[in-house]
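One letter stands for each residue in the lines below.
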Amino acid sequence: MARVPVAEGVFTWPSDDPQLIGSRCSACGIVTFPAQDSCPRCASTEMAERLLPRRGRLWAWTTQEFPPPSPPYSGAVGDAFVPFGVGYVELPDEVKVETRLTTANGLRIGMDMELVLVPFRTDDAGNEVVTFAFRPVG
Ligand SMILES: [Zn+2]
């Protein structure tokens, strides 16, 4: 089965050590994720691609106990749905990333987290679609 990314331009692909693709404003220095064409702070259009650190700290989280509305959600539903964590991971000196978490258990504010790619669904062509998530380190 082939693996394909859930979307282009979200994370480096293919990669053994994937990184999220953000953007940095050349005028004021703010970092965004996902990448944006104009700065949300100063409206500059001088945005440069920036690969984000793979590790950060859990800033806030909750658990998703039921399938989100579809669309945009396109993952498992019904008996196949498994609750998962969602939250914000703060990347050092960069940006807070809204992200899926690999687990809904044992999460603590401030814990070290690492970027991973996880299976999300199988598309109509039989490819395994992968998305990004953060998992607790250690
Ligand atoms: Zn700016």
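For the structure itself, consult the block above.
Along each chain, numbering runs from 1 in the same order as the chain's sequence is written. Selection of residues for local features in this predicted model requires a pLDDT of at least 70, selection of side-chain atom pairs for listing and counting requires 80 or more, and totals for whole chains, interfaces and linings are taken over all residues. Note: side-chain values were computed over all heavy atoms of the structure, leaving out hydrogens and water.

## Re the coordination of the zinc ion
This is how the line gets drawn: A donor here means any N, O or S atom no more than 2.8 Å from the metal (3.2 Å for Na, K and Ca); water is not included, so a site may seem to lack partners. For a four-donor site, all angles between 85 and 135 degrees give tetrahedral; for four or six donors, opposite pairs above 155 degrees with the remaining angles between 65 and 115 give square planar or octahedral; all remaining cases count as irregular. The way it works is that DSSP assigns letters per residue, a run of H or I at least four long becomes a helix, a run of E at least two long becomes a strand, and they are numbered from the N terminus. Exposed residues in this analysis have more than 50% of their type's maximum accessible area, buried residues have under 20%, and partly exposed residues fall in between, with area computed by a 1.4 Å probe over protein chains only.
Each protein donor to the zinc ion is listed here as Cys25 (SG), Cys28 (SG), Cys39 (SG) and Cys42 (SG); together their distances run 2.3 Å. In this structure, the zinc ion is surrounded by 4 donor atoms whose angles at the metal cover 105 to 118°, and the resulting shape is tetrahedral. Here the donor residues of the zinc ion are spaced in sequence according to C-x2-C-x10-C-x2-C. With Cys28 in the loop between β2 (21-25) and β3 (31-32) and Cys39 in the loop between β3 and β4 (47-51), this residue pair connects regions lying 11 residues apart in the sequence. Here Cys39 falls in the buried class, since its relative accessible area comes to 5%.

## Some words on the layout of surface pockets
Quick note on the threshold: A 1.4 Å probe that fits into a set of points on a 1 Å grid over the protein atoms alone but cannot get out defines a cavity; an open set with protein on both sides within 12 Å along at least five of seven lines defines a pocket, and lining residues are those with an atom within 4 Å of a point. Grid points are joined across faces, edges and corners, and a volume is the space filled by probe spheres set on the points. The classification used treats Ala, Val, Leu, Ile, Met, Phe, Trp, Tyr, Cys and Pro as nonpolar, Asp, Glu, Lys and Arg as charged, and all other residues, Gly among them, as polar.
In this structure, the largest pocket encloses a volume near 530 Å³. Glu98, Thr99, Arg100, Thr131 and Phe132 are the residues nearest the centre of the largest pocket, which is lined by 18 residues in total. Those elements that place two or more of their residues in the lining of the largest pocket are β6 (84-90), β7 (96-101) and β9 (128-136). Per element, the largest residue contribution to the lining of the largest pocket is 5 residues, and it comes from β7. Per-class residue counts for the lining of the largest pocket are 12 nonpolar, 3 polar and 3 charged. In this structure, the second largest pocket spans a volume of roughly 240 Å³. Contributing to the lining of the second largest pocket are 15 residues, with Val82, Pro83, Phe84, Arg100 and Pro119 lying nearest its centre. Looking at the lining of the second largest pocket element by element, the count peaks at 3 residues for strand β8 (residues 112-122). Partitioning the lining of the second largest pocket into residue classes produces 12 nonpolar, 2 polar and 1 charged.

## Quick word on the nonpolar core
Here is the rule we go by: Among buried residues, those of type Ala, Val, Leu, Ile, Met, Phe, Trp, Tyr and Cys that are joined through side-chain atoms within 4.5 Å constitute a nonpolar core. The contact criterion used throughout is that any non-hydrogen atoms of two residues lie within 4.5 Å.
In terms of nonpolar packing, the biggest core is built from 20 residues, with Leu20, Phe33, Leu52, Val97, Met113, Phe132 and Phe134 touching the most fellow members. Of all elements in the fold, only β7, β8 and β9 reach the threshold of two or more residues within this core. When near neighbours in sequence (up to four residues on either side) are disregarded, Leu52 contacts Gln19, Leu20, Gly22, Val31, Phe33, Leu91, Glu94, Val95 and Val97.

## Quick notes on the sheet that holds β4
In plain terms, the rule: Two strands pair under a simple rule: DSSP has to find at least two bridges between them.
Spatially, the 3 strands line up as an open sheet ordered β3-β2-β4, and their pairing is antiparallel. Only two strands of the sheet have a single partner each, and these edge strands are β3 and β4. One ladder, built from 2 bridges, connects β2 with β3; its direction is antiparallel. In the sheet register, Arg24 faces β3, and the bridge partner there is Val31.

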